[in-house]
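Observations on the model geometry
Take a look at the letters that make up each chain.
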Amino acid sequence: MKRTHLAALGLLLLSFLAYATILNNEFVWDDSRFIQNAPETRTFSRATESFGEDVFQIYRPIRTLAYFAAYKLFGLNPWAYHLFAILLHAGVCFLLYLVIRKLFSEPAALLTSVLFAVHPNNVGRVANATASFDLIGIIFYLLAFYSYLRFREASARKFLLLSIGLFILGLFSSEEVYTLPLLILVYEFVFQERKITSYKTSAIYLALLGAFLFLRMGILHIGARISTYAGGSAWVTFLSMPLALWTYASFIFYPIGLSPFRAIHLVQSAAAIGFWLPLLGLFLIGYVVYRFRSKKEVLFWAGWLGVTMLPFLNLSPLPQLMAERYFYLPSVALIFGISSLLLALKPKKIVIPIVLVLLLSLTWWQASYWQNDLTLMSRGVELNPENSQALNNLGTWYFNLQQYESAHRYFLASVKADEENHRAWVNLGVLYSTTGNANQSVLALEQAIRLTPGNYNAYEKLGITYMRMNETEKAEQALLISIQLEPTYYRSYATLGSLYGNLGKYDLALPYLEKSIALNPTYAESYFNLGILYDRAGQSAKAQEFYRKAYSLEPKPYYQQRIK
């Protein structure tokens, strides 16, 4: 068996060894929105629409197609998604091995990919089913870069065309791929002759990136995922990033206390030690790189780190100031440095296995917190008691268990930690509505709308609250606004159809319920309400058809009670 095949098999087995425990994990965190309750991925036609519009407030249409394919293949079986994540991670590890081997030595390539396979910093990408789909883009990224290396090695045009094709696929998969043209420039600068002619080929990638960004922003008008910077301003975010970069480095050398709800102190002033001390450290690192610029390893990996971090520097605002999963690809630079040091040690045959076992143990420990929402959110609150997102998610866990008192406590703590957390205000409004506190529900939902005027979800929940208050005109108005704000939000159509049905306006109810099903063919409540509608119209046979369909999608007892 060839050495390459052995490396591929070894990295696959090692990835399974590191992450086998996640196969028994449930869907957690944002898996609910992106996988479990995602009408955008239930049909091929809806999934392909993502090429012409943003889905999930992002533009990654190939990833959306991957969600559709996964749903068709796996249904909603968590173990299958986790297995898929492990395979993707193993694929990334093998491609890193190929890339590094092409540029440097075989031992460095193998040890770097081995340490990367088992490093606990990567748990946030692999154990979270949703985040693992972004590895598809990274695979395109590495394949395109490796194909480019093959092209420069053999001057074979077929490798260049393959690289360009993979780059285009990557652009439609993940924003991380946008940096490939810059990585190619780094490679050309470090390994090739530093002449203008050396950069001509890489200009093709820059042109393709420019064309793609024009399509995304100029034609489709899809910009940043969010509009608000961490701390409320771009200036605070800028001041906080040097500290964030040092924190990222700590993930690799001290991977303890990792969590997707990590808190970082926001730096408010350029005079603060939290800004200038980390910045001074970065300048010192830059000086060291400059002094050792004759060493290709130093220069290339410094470029790799800088280029692959670009999407996560908050040049445009991100949902989180920082997260371990953002450091997945950039971390390879530091892990290569660790590998080089380990290989230089005399007792390396003893030290390397010890490091490997230590990292494996930490990965198993870290992955254990991803068993379910309770373990993940509780860990987040334990590490960061003031993290509004973790508190809100923990409240959601208790709400789904109908433990409303605990849910109320965490939702209140969430909005106290961050008064601008509109999601927590919506959840608080839903809780009040569910427990019969309609007036408080209205106040909470109106607060969410004040914070985010385009919050169609809050308007839909407000419509439900008004329905429970028998204020039908206000309910209708809120639901119509929700539909106007987001014409593809199926729940608004379903709720408005239910409202009209309760009012006996069957001719108005029918098209809204049918539209809800068209948008989300797996939403059981719409089928059930259609059954009620046909029952009231005296068409019991058709009603039974919809009751059975609802029960097949979601076996709720009150669905079954309607089936004769």
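1. Quick word on the overall build of the chain
For the chain, the helix and strand inventory stands at 29 helices and 0 strands. Against the 2.2 N^0.38 benchmark of 24 Å for 564 residues, the chain shows a C-alpha radius of gyration of 26 Å, consistent with a compact globule. Its C-alpha atoms put the chain at 80 × 55 × 45 Å along the principal axes. For the chain, with 564 residues in total, the buried portion stands at 51%. Pairs at least 24 apart in sequence give 67% of the contacts found in the chain among residues at least 6 apart. Each charge class in the chain can be summarised by its mean position, and for the 47 positive and 35 negative side chains these summaries are 12 Å apart.

2. So, the pattern of salt bridges
When the charged atoms of two side chains with opposite charge come close together, those side chains can pair. Considering all chains together, one arrives at 16 salt bridges under this definition. Linking Arg 60 and Asp 134 is a salt bridge whose minimum nitrogen-to-oxygen distance equals 3.1 Å. One end of the pair, Arg 60, is in the loop between helix 3 (44-48) and helix 4 (61-74); the other, Asp 134, is in the loop between helix 8 (129-132) and helix 9 (135-154), and 74 residues separate them in sequence. Residue Arg 60 is classed as buried on the basis of its relative accessible area, which comes to 14%. Glu 153 is the salt-bridge partner of Lys 102, the closest N and O atoms lying 3.2 Å from each other. One end of the pair, Lys 102, is in helix 5 (residues 78-103); the other, Glu 153, is in helix 9, and 51 residues separate them in sequence. Residues joined in a network through salt bridges with shared partners are Arg 60, Arg 63, Asp 134, Glu 175 and Arg 216.

3. Some remarks on unusual backbone geometry
In this structure, Asn 314 is a non-glycine residue whose phi angle is positive, near 60°. The residue Asn 470 is not glycine, and still its phi comes out positive at about 60°. On the secondary structure map, Asn 470 appears in the loop between helix 23 (456-468) and helix 24 (472-485).

4. Overview of the packing of helix 6 (residues 106-118) against helix 17 (residues 348-368)
Any two packed helices are characterised by how steeply their axes cross, that is the angle between the axes, and by the distance between the axes. Put simply, helix 6 and helix 17 touch, their axes get as near as 8 Å, and they point 25° apart. Judged by the inter-axis angle, helix 6 sits roughly parallel to helix 17. Across the interface between the two elements, Leu 111, Val 114, Leu 115 and Val 118 of helix 6 pack against Ile 352, Val 355, Leu 356, Leu 359, Leu 360 and Thr 363 of helix 17. When its residues are assigned to classes, the contact of helix 6 with helix 17 shows 9 nonpolar, 1 polar and no charged.

5. Quick notes on the environment of Phe 327
Along the chain, Phe 327 turns up in the loop between helix 15 (296-309) and helix 16 (331-344). For the pair Phe 327 and Phe 51, spaced 276 residues apart in the sequence, the C-alpha separation amounts to 27 Å. Once residues lying within four places of it in the same chain are set aside, the contact partners of Phe 327 are Asn 121, Tyr 248, Ala 249, Ile 252, Leu 305, Met 309 and Leu 334.

6. Observations concerning the nonpolar core
Counting 174 residues, the largest nonpolar core has Val 92, Leu 103, Leu 142, Phe 145, Phe 300, Trp 301 and Trp 304 as its most contacted members. Setting aside chain neighbours within four positions, we find Phe 145 in contact with Val 99, Leu 103, Leu 180, Leu 183, Ile 184, Tyr 187 and Phe 300.

7. A short note on the confidence of the model for the chain
Mean pLDDT for the chain: 91, with 99% of residues reaching 70 or above. Ranking the elements of the chain by mean pLDDT puts helix 29 (residues 557-560) last, at 84, and helix 5 first, at 97.

8. A few points about the packing of aromatic side chains
What the rule picks out here adds up to 50 aromatic pairs. Here the aromatic residues Phe 104, Phe 145, Tyr 148, Phe 151, Phe 167, Tyr 187, Phe 191, Tyr 205, Phe 300, Trp 301, Trp 304 and Phe 336 are joined through ring pairs into a cluster of three or more. Of note, Arg 293 hangs over the ring of Tyr 290, and the distance from its end group to the ring centre comes to 4.1 Å. In this structure, Lys 549 is placed above the aromatic ring of Tyr 527, and the distance from its NZ or CZ to the ring centre is 5.8 Å.

9. Re a nonpolar patch on the surface
Where nonpolar side chains cluster on the molecular surface, the patch consists of Leu 284, Tyr 287, Val 288, Tyr 290 and Phe 292 and spans about 520 Å² of accessible area. Within the fold, Tyr 287 resides in helix 14 (residues 273-291).

10. Re helix 15
Because an α-helix completes one turn every 3.6 residues, residues spaced three or four positions apart along the sequence face the same direction. For helix 15, built from 14 residues, the straight-helix expectation of 20 Å at 1.5 Å per residue is met to within 8% by its first-to-last C-alpha distance of 20 Å. When we look at burial in helix 15, the residues that qualify are Leu 299, Phe 300, Trp 301, Gly 303, Trp 304, Val 307, Thr 308 and Met 309.

11. Structural notes on the packing of helix 22 (residues 438-451) against helix 23
The N-to-C vectors of helix 22 and helix 23 enclose an angle of 165°; their axes lie 9 Å apart at closest approach. With respect to helix 23, the axis of helix 22 lies roughly antiparallel. Where helix 22 crosses over helix 23, the handedness of that crossing is left-handed. Residue-level inspection shows Ala 438, Ser 441, Val 442, Leu 445, Glu 446, Ala 448 and Ile 449 of helix 22 in contact with helix 23, the latter providing Ala 458, Tyr 459, Lys 461, Leu 462, Thr 465 and Tyr 466. Within the contact of helix 22 with helix 23, the residues separate by chemical class into 9 nonpolar, 2 polar and 2 charged.

About the thresholds
Residues numbered from 1 in each chain as written. Predicted model: local features only at pLDDT ≥ 70, side-chain atom pairs only at ≥ 80, totals over all residues. Heavy atoms only, no water. Helix = DSSP H or I, 4+ residues; strand = E, 2+ residues; numbered from the N terminus. Rg over C-alpha atoms; globule rule 2.2 N^0.38 Å. Buried < 20%, exposed > 50% of the residue type's maximum accessible area, 1.4 Å probe, protein only. Contact = heavy atoms within 4.5 Å. Lys, Arg positive; Asp, Glu negative; His and termini not counted. Charge placed at Lys NZ, Arg CZ, Asp CG, Glu CD. Salt bridge = Lys/Arg side-chain N within 4 Å of Asp/Glu carboxyl O. Axes fitted to C-alpha atoms, helices over the stretch in contact; angles between N-to-C directions. Parallel < 35°, antiparallel > 145°, perpendicular 65-115°, else oblique. Nonpolar A, V, L, I, M, F, W, Y, C, P; charged D, E, K, R; others polar. Core = buried A, V, L, I, M, F, W, Y, C linked by side-chain atoms within 4.5 Å. pLDDT = per-residue confidence, 0-100. Phe/Tyr/Trp six-rings, centres within 6.5 Å; stacked < 30°, edge-to-face > 60°. Lys NZ or Arg CZ within 6 Å of the ring centre and 35° of its normal. Patch = residues over 30% accessible without salt bridge, like charges linked within 9 Å, V, L, I, M, F, W, Y side chains within 5 Å. Areas by Shrake-Rupley, 256 points an atom, 1.4 Å probe, with all protein chains shown as cover. Expected span 1.5 Å × (residues − 1). Left-handed = near helix turned anticlockwise from the far one by under 90°.

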